[in-house]
Amino acid sequence: MKENSSFQKIYEVVRRIPAGTVATYGQIAALAGNRHWARVVGYALHANPDPEHIPCYRVVNRNGQVSSAFAFGGKNRQIELLEADGVPCPDGIVDLKKYQWKQFPLSYFQEQEV
DNA sequence: GGGGTGACGCGTC
DNA sequence: CGACGCGCCACCC
């Protein structure tokens, strides 16, 4: 079921991103187990089989800029959703130092009890 | 079965 | 300080 691929893990992390917060590909990749999976994270979100449960709009690149190839209906759509969550993103750029998701526990997967 | 690409990140020159 | 290359995994052809 989940051993299918690392994708499952990536989706799991993205789904746990709290509202009003954004995360970077590298961060998700690190939480997933390997920071080198950044590329896989991008692909995982690209596949985004469950956009309603996987807020990929809360996922931005290392620069805090939203992806240019958003698949929800336009990059503008991502900005709308982010602002709706309380994350201002002028020009599609988010203040990572203010809204980056960094309140997660170190033992993220250790405390996991879903 | 093999090769190439991709919504990235980091290191080094 | 800026720009370039390399590395990782998965999916598509």
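In case you missed it, the structure is sitting above this.
Read on for a plain summary of the structure. This one's a predicted model, so the numbers in the text were calculated from it and none came from an experiment.

### Side note on the packing of aromatic side chains
Then step 1. Under the defined criterion, the tally for this structure stands at 1 aromatic pair.
Then step 2. Seen from their ring centres, Phe 7 and Tyr 11 are 5.9 Å apart, and the 85° between their planes marks the pair as edge-to-face. Placement of the pair is Phe 7 and Tyr 11 together in helix α1 (residues 6–15), with a separation of 4 residues, close to one helical turn.
Then step 3. Classification of Tyr 11 by relative accessible area gives buried; the value is 8%.

### A closer look at the pattern of salt bridges
Then step 1. Using the criterion set out here, one finds 3 salt bridges in the structure.
Then step 2. The salt bridge involving Arg 16 is made with Glu 12; its shortest N-O contact spans 3.4 Å.
Then step 3. Between Asp 85 and Arg 58 there is a salt bridge whose closest N-O contact spans 2.7 Å. Of this pair, Asp 85 sits in helix α4 (residues 75–85) while Arg 58 sits in the loop between α3 (38–47) and β2 (59–60), and the two are 27 residues apart along the sequence.

Rules behind the numbers
- Residues numbered from 1 in each chain as written.
- Chains lettered and ligands numbered in written order.
- Predicted model: local features only at pLDDT ≥ 70, side-chain atom pairs only at ≥ 80, totals over all residues.
- Heavy atoms only, no water.
- Phe/Tyr/Trp six-rings, centres within 6.5 Å; stacked < 30°, edge-to-face > 60°.
- Helix = DSSP H or I, 4+ residues; strand = E, 2+ residues; numbered from the N terminus.
- Buried < 20%, exposed > 50% of the residue type's maximum accessible area, 1.4 Å probe, protein only.
- Salt bridge = Lys/Arg side-chain N within 4 Å of Asp/Glu carboxyl O.

So yeah, pure geometry; function would need other evidence.
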